Amino acid sequence: MTNLSHYQSSHNLGKVAIIGGGVIGCFLAYRLSKEGVPVVIIERRGVASEASGWSAGNVQPATRTYGQFQIDMGAESLAAFRRWLPEIKEESGRDIRDQKIRYLYAAMNEDEVQDTQVFAQELSEAKLRVEWIDAKAARELDSRLSPGLLGGMLHSDCIQMDPYMFTNALAVASRHNGARLINDEAIGLEFLHDRITGVKLSGGDVVHCDTVVLAMGAWSGQAIKKWLNVSLPIGPHALQKLHLRPKGPRLGCAVRWMGTNMVHRSDGLMHLGSKHDDTGFDARPTNDGKEWLLERVHKIFPSLKFTIEEAGAGCGASTPGRVPILGPVGLADGVFVSVASTNGFLLSAFMSDVLTELLVHRHVHTLLPELTSDQAIRRSADPQLKDI
Ligand SMILES: Cc1cc2nc3c(=O)[nH]c(=O)nc-3n(C[C@H](O)[C@H](O)[C@H](O)COP(=O)(O)OP(=O)(O)OC[C@H]3O[C@@H](n4cnc5c(N)ncnc54)[C@H](O)[C@@H]3O)c2cc1C
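Residues numbered from 1 in each chain as written. Predicted model: local features only at pLDDT ≥ 70, side-chain atom pairs only at ≥ 80, totals over all residues. Heavy atoms only, no water.

**Things to note about the packing of aromatic side chains**
Our working definition: The criterion for an aromatic pair is that two Phe, Tyr or Trp rings (for Trp, the six-membered ring) have centres within 6.5 Å, with stacked assigned to planes under 30 degrees apart, edge-to-face to planes over 60 apart and tilted to the rest. Secondary structure elements are defined from DSSP: runs of H or I of at least 4 residues count as helices, runs of E of at least 2 residues count as strands, and each element is numbered from the N terminus. Exposure is judged per residue with a 1.4 Å probe applied to protein chains only, and the accessible area is read against the type maximum: over 50% gives exposed, under 20% gives buried, and values in between give partly exposed. Placement of a charge over a ring requires the Lys NZ or Arg CZ to be within 6 Å of the ring centre, with the centre-to-atom vector within 35 degrees of the ring normal.
A full pass over the atoms with the stated rule returns 10 aromatic pairs. With 5.9 Å between their ring centres and 75° between their planes, Y105 and F119 make a pair best called edge-to-face. One end of the pair, Y105, is in strand β4 (residues 99-107); the other, F119, is in helix α5 (residues 110-125), with 14 residues separating them in the sequence. Here the two residues Y105 and F119 agree in accessibility, since each one is buried. Ring centres 5.6 Å apart and planes at 25° place the aromatic pair W219 and F281 in the stacked group. Separated by 62 residues along the polypeptide, W219 in the loop between β11 (211-214) and α8 (220-228) and F281 in the loop between β15 (270-277) and α9 (287-300) bring together distant segments of the chain. Grouping aromatic residues by their ring pairs yields a cluster made of F27, F81, F166 and F345. For the cation-ring pair, R296 lies above W292, with the distance from its terminal atom to the ring centre recorded as 3.6 Å. Of note, R379 hangs over the ring of Y66, and the distance from its end group to the ring centre comes to 4.4 Å.

Next comes the structure, spelled out in structure tokens:
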């Protein structure tokens, strides 16, 4: 189904329509528009109105659900963020509230000690700045950390920013470089013979294009099935979060524990998330979700006082092994997919780089063959990944 070598030789890029104005679509629009490619972003609600806006905004390379290459992708993406952030800020004129942060992967029992020590080793193999620290050193970072803490992995190669402001900054910077944003819903694709020629909009118009990229997050799977008759393993996945306002000094470090991130944003709010729910597209904050999240912050920071400012939920995509799906999709020429799993904010820079390299420079990144639709289908049949 996916023939990467074809795109190394004969594909005519022309005008590119990107469906989806989340961080994945907007980062790609930014990268392509900087290369002088004519780009249109089609977004039905508003830029960053779905998962991207609700994200913690962590650029924290640390996923290894399927293999070491995921850590390498994260590390490459962090480097790409560092490379592009100054230009994005300058071209958009927007404050994205970015900050360097240190993340403590807390260990509260012996199993967690072992696990975080192995993890530290794997991350350092990708040349990320991580170290194991004991409980005393951790409490020197923040004395409010639990007396039950045994230590943890301190990850110093992380950036955090306001995800809503960043995604909007990408859209503004893309427009600065000539991209167009259309506020409408894409309802289908148009083809001539085996080539994409346009995107049909709900208002009746057609956006003519030579290439289309489906970057619709959790909604990509159903659109690909309907428009291309291809079944890809992209599920909707609901995630709940809270915004707290801590009293007292800022946290001395961000903390990750039992899948939960606690990070003090530069606007003074603390992101506490995420509770993963198996409720499909129905993403909403619940009392159970709130209790579940608060229980974790009380365990890690028992003496921290705070008020709850906001509860929210977003619908992200889930893919087998949390590996993104990137590259050509379906049989027609010029149709691409770019969908990340629940770490898409981190991977947005890497995925945009890889697709820009393929589309503009006809270069196949060494990791791209791992990310194709065919690989995703193969992975979905792996029984070991069923519970991820
Ligand atoms: C609470 C929470 C915390 C998270 N924290 C992190 C984190 O710290 N780090 C990290 O790496 N990831 C994090 N994630 C995951 C991350 O947010 C997502 O992986 C990422 O935002 C996905 O971006 P996207 O552009 O693919 O999807 P989205 O942001 O969902 O964007 C898809 C867009 O497509 C549009 N769309 C859909 N269908 C159509 C259509 N037919 N026509 C036009 N437009 C359409 C939607 O309106 C939407 O705006 C978090 C997610 C949540 C919910």
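**Remarks on the site of the ligand**
As a reminder of what qualifies: It suffices for a single heavy atom of a residue to lie within 4 Å of a molecule or strand for the residue to be listed as near it. We define a polar contact as two N or O atoms separated by no more than 3.5 Å, with the added condition that, inside protein, one atom must be a possible hydrogen donor and the other a possible acceptor, whereas residues neighbouring each other in sequence contribute only through side-chain atom pairs. The Shrake-Rupley method, run with a 1.4 Å probe sphere, supplies the accessible areas, and residue values consider only the shown protein chains as cover. In this document the domain limits rely on a domain assignment from an automatic tool or a database.
Around the ligand, 35 residues are found, and the nearest of them are E43, S52, S341, G344 and L346. S341 has a polar backbone atom sitting 2.8 Å from an oxygen atom of the ligand. Calculation on the ligand without its partners gives an accessible area of 1,000 Å², and the protein chains cover 97% of this total. Of all the secondary-structure elements, those providing two or more residues to the shell around the ligand are α2 (23-34), β2 (39-43), α3 (51-54), β12 (235-246) and α10 (344-361). The residue makeup of the shell around the ligand includes at least three contributed by each of domain 1 (4-68 + 164-234 + 320-385) and domain 2 (99-160 + 235-318).

**Structural notes on the layout of surface pockets**
Applied cut-off: Cavities and pockets are defined on a 1 Å grid built over the protein atoms alone: a cavity is a set of grid points where a 1.4 Å probe fits but cannot escape, while a pocket is an open set with protein on both sides within 12 Å along at least five of seven lines, and lining residues are those with an atom within 4 Å of any such point. Grid points are joined across faces, edges and corners, and a volume is the space filled by probe spheres set on the points. Side-chain classes follow a simple rule in which Ala, Val, Leu, Ile, Met, Phe, Trp, Tyr, Cys and Pro form the nonpolar group, Asp, Glu, Lys and Arg form the charged group, and the remainder, Gly included, forms the polar group.
There is about 170 Å³ of room inside the second largest pocket. Residue lining of the second largest pocket: 13 residues in total, with K100, I101, R102, G252 and C253 positioned closest to the centre. When the residues that make up the lining of the second largest pocket are grouped by side-chain class, the tally is 5 nonpolar, 4 polar and 4 charged.

**Considerations on the pairing of strand β18 (residues 335-339)**
Just so we agree on the cut-off: If DSSP finds at least two bridges between two strands, the strands pair.
The buried count for β18 comes to 5 of 5 residues, which makes it a mostly enclosed element. Of the two faces of β18, the one holding V335, V337 and V339 and the one holding F336 and S338 are both buried throughout. Counted between consecutive antiparallel strands, the loop separating strand β17 (residues 325-328) from β18 contains 6 residues, among which G330 sits at a positive phi close to 80°.

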